Amino acid sequence: MNSLLRFGAVSGAMSGLFIALPGAVEGFVGETTATSLVIGVSPALAAPLLTALYLKQPRTTLGTVGYVVNFVGLGLFGAAAYALNIVLFHLDEPKLAAPTVIVLSASALVFAVGTVLFAISLIRSGVHPKVPVWAYLIALPVFTFAARLPDTPLTSALHVVVGGTLVWLALSVRPRRTPEGPARQVHHRASPLRT
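Remember, it's a predicted structure, so these values are computed and weren't measured experimentally.

About the cut-offs
Residues numbered from 1 in each chain as written. Predicted model: local features only at pLDDT ≥ 70, side-chain atom pairs only at ≥ 80, totals over all residues. Heavy atoms only, no water. Helix = DSSP H or I, 4+ residues; strand = E, 2+ residues; numbered from the N terminus. Expected span 1.5 Å × (residues − 1). Buried < 20%, exposed > 50% of the residue type's maximum accessible area, 1.4 Å probe, protein only. Phe/Tyr/Trp six-rings, centres within 6.5 Å; stacked < 30°, edge-to-face > 60°. Core = buried A, V, L, I, M, F, W, Y, C linked by side-chain atoms within 4.5 Å. Contact = heavy atoms within 4.5 Å.

Caption draft 1: Molecular detail of helix H6 (residues 153–173). Over its 21 residues, H6 extends 31 Å from the first C-alpha to the last, a length consistent with the 30 Å expected when each residue adds 1.5 Å. Those residues of H6 that sit buried are Thr155, Ser156, Leu158, His159, Val162, Gly163, Thr165, Leu166, Leu169, Ala170, Ser172 and Val173.

Caption draft 2: Local environment of the packing of aromatic side chains. All told, the structure shown has four aromatic pairs when counted by the stated rule. Taking the centre distance of 5.6 Å and the plane angle of 40° together, the rings of Tyr67 and Phe71 count as tilted. Here Phe71 and Tyr67 lie together in helix H3 (residues 61–87), a separation of four residues that amounts to about one turn. Note on Tyr67: relative accessible area 15%, which makes it buried. By relative accessible area, which is 34% here, Phe71 ends up partly exposed. One aromatic cluster is present, formed by Tyr54, Tyr67, Phe71 and Phe118 through successive ring pairs.

Caption draft 3: Structural view of the nonpolar core. Judged by nonpolar contacts, the single largest core of 33 residues is most densely connected at Leu53, Phe118, Tyr136 and Val162. When contributions to this core are tallied by element, the ones reaching two or more residues are helix H1 (2–29), helix H2 (33–56), H3, helix H4 (98–125), helix H5 (130–146) and H6. When residues in this core are grouped by element, the largest group, eight residues, is from H2. Filtering out sequence-adjacent residues up to four positions away, Leu53 remains in contact with Phe118, Leu122, His128, Leu169, Ser172 and Val173.

Caption draft 4: Structural context of the side chain of Thr165. In this fold, Thr165 is placed in helix H6. Relative accessible area serves as the criterion here: at 4%, Thr165 is assigned to the buried category. If sequence neighbours within four positions are ignored, Thr165 has contacts with Pro132, Ala135 and Tyr136.

It is worth stressing that arrangement in space is one thing and function is another; only the former is reported here.
Written out as structure tokens, the structure reads:
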């Protein structure tokens, strides 16, 4: 399990940096091919972080449901982000058909709902630092729907906040080294009464 936590931590930190750094650059120079490419691949790097966050907390019904919905939503939203930032970026003002807009909006909604459910389970578990968990609860759903807005200093700042949140959460899942030797992980057991 420690190898999964390490992988989730590294991958999640990269995902956060791949959102925050291009977002900060775009605040000054606008969206470029390079920043768009880096942001487009960032959701794929966030998936291992979700798994690491889930593995590090007690197993509850809410945590499992939140993880599953968030994971599926991340896949859908990540595909949409990839298409918007890498494929459609190079087209001059593409016109999306109504069904495409509906599907993209539904993907964003699934991701936002999953994010809220999973964040609530993270808050209830008390395992992860409170500040980035609350930022995850609030900033990520806003970020999801702000993806459709034009680039502004506000959307760039939101990229930095979301990226920083992911990096902070990634650091919280790293296995800790003990003075006696290799990293040891505390395994949590959920009470049958917890949800």
